[in-house]
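# Tertiary structure, described
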Amino acid sequence: VVMIAIGGYLMPGAIRSQNETKETPPTEKQKQMSSMASHNKNMVFDAGEKKQAAARRQLNEANVLKTLKGSYRKLGKVDFNEKTKVYTLTITNKDFNKAMTYLKKNPDQSKTVQWPASVKGFTKTSLVIKKGAGAGYQFRIVAPIPSKQTLLTVEDGKVLENFIKE
């Protein structure tokens with residue numbers, strides 16, 4: 001709408017644009033194109049969110065791994081398998097391995113070598129993993145006693161496997 005000022009007054013609608021067009025309903029093709037564009041925007045947005053979530057997860061996993069490596073550096077080597085979501089502590093400490101070898105031969109002596117306290121500590125570590133990386137991650141303790149064997153597997157604060165039946 002164009003207004004013309006005459007004598008200090010505005011007169012609405014005095015002149016209309018000759019190029020003014022009437023609104024026409026969109027064609028079927030225009031509707032399809034609009035729908036596809038909207039759908040593609042959502043896909044791009046969803047893909048971006050998924051990438052961000054994956055990057056956050058990887059960062060959290062890496063931070064947990066760094067923490068575990070620092071905490072257990074005197075006891076052994078810590079690795080992480082991203083596909084299986086398992087952090088593995090491979091015991092390299094000779095004294096710990098001697099105690100576990102003894103315990104394997106004498107399972108009734110678990111309290112003597114403080115195995116229940118170790119289990120409790122590793123279980124707490126699994127809760128730290130849950131807090132840092134999320135639920136569903138396992139923490140596995142492996143030792144060569146004399147051949148490589150899983151001593152303990154814990155997940156989210158629960159013991160899944162213990163080489164000593166307590």
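Whatever comes next refers back to the structure up there.
Because the structure is a prediction, the values reported are computed rather than measured.

Procedures and definitions
- Residues numbered from 1 in each chain as written.
- Predicted model: local features only at pLDDT ≥ 70, side-chain atom pairs only at ≥ 80, totals over all residues.
- Heavy atoms only, no water.
- Salt bridge = Lys/Arg side-chain N within 4 Å of Asp/Glu carboxyl O.
- Helix = DSSP H or I, 4+ residues; strand = E, 2+ residues; numbered from the N terminus.
- Buried < 20%, exposed > 50% of the residue type's maximum accessible area, 1.4 Å probe, protein only.
- Contact = heavy atoms within 4.5 Å.
- Axes fitted to C-alpha atoms, helices over the stretch in contact; angles between N-to-C directions.
- Parallel < 35°, antiparallel > 145°, perpendicular 65-115°, else oblique.
- Expected span 1.5 Å × (residues − 1).
- Arc of directions from axis to C-beta.
- Pairing = 2+ DSSP bridges.

### A look at the pattern of salt bridges
One pass over the full model with this rule turns up three salt bridges. In this structure, Arg 57 and Glu 82 form a salt bridge, with 3.4 Å as the shortest nitrogen-oxygen distance. Placement of Arg 57 in helix H1 (residues 28-71) and of Glu 82 in the loop between strand S3 (76-81) and strand S4 (86-91) is noted, with a sequence separation of 25 residues between them. Exposure remark for Arg 57: the relative accessible area of 32% places this residue in the partly exposed category. Residue Asp 79 is joined to Lys 77 by a salt bridge in which the shortest nitrogen-to-oxygen separation is 3.6 Å. Within this structure, Arg 57, Glu 61 and Glu 82 form a network of salt bridges that share partners.

### Section: the environment of Val 113
Tracing the backbone shows Val 113 in the loop between helix H2 (94-105) and helix H3 (115-133). With a relative accessible area of 22%, Val 113 lands in the partly exposed category. Spatially, the C-alpha atoms of Val 113 and Ala 99 are 6.5 Å apart, while their sequence positions differ by 14 residues. Apart from residues lying up to four places away in sequence, Val 113 is in contact with Ala 99, Tyr 102 and Leu 103.

### Quick word on the packing of H2 against H3
Interhelical geometry of H2 versus H3 gives an angle of 120° and a closest axis separation of 12 Å. As the angle between them shows, H2 and H3 are arranged oblique. On H3, the residues touching Phe 96, Met 100 and Leu 103 of H2 are Trp 115, Ser 118 and Phe 122.

### A look at H3
The terminal C-alpha atoms of H3, which comprises 19 residues, lie 26 Å apart, in line with the 27 Å expected from a rise of 1.5 Å per residue. Turning to H3, its buried residues are Trp 115, Ser 118, Val 119, Phe 122, Thr 123, Thr 125, Ser 126, Ile 129 and Ala 133. In an axial view of H3, the angular spread of the buried residues amounts to 155°, which keeps them on one side of the axis. Opposite the packed face of H3, turned more than 90 degrees from it, sit the exposed residues Lys 120, Lys 124, Val 128 and Lys 131. Looking one or two residues past H3, Gly 134 carries a phi angle of roughly 115°, positive in sign.

### Comments concerning the sheet that holds strand S6 (residues 148-155)
In spatial order, the strands read S3-S4-S5-S6-S7; together these five strands make up an open sheet with mixed pairing. Edge positions in the sheet fall to S3 and strand S7 (158-162), since each has one partner strand and no second. Across the sheet, the axes of successive neighbouring strands diverge by a mean angle of 20°, strand direction being ignored. Bridging between S4 and strand S5 (residues 138-144) involves five bridges; their strand directions are parallel. Bridging across to S5, Val 86 finds its partner in Gln 138. Contacts from H2 reach S4, S5 and S6, with the element oriented near 95° to S6. Packed onto the sheet, H3 meets S4, S5, S6 and S7 and runs at close to 55° relative to S6.

### Re the pairing of S6
Pairing of S5 with S6 involves seven bridges; the strand directions are antiparallel. Across the sheet, Pro 144 pairs through a bridge with Lys 148, a residue of S6. Joining the antiparallel neighbours S5 and S6 is a turn of three residues. Taken together, the four bridges between S6 and S7 define a ladder with antiparallel strand orientation. Pairing of Thr 153 across the sheet is with Glu 161, part of S7. Counted between consecutive antiparallel strands, the loop separating S6 from S7 contains two residues, among which Asp 156 sits at a positive phi close to 50°.

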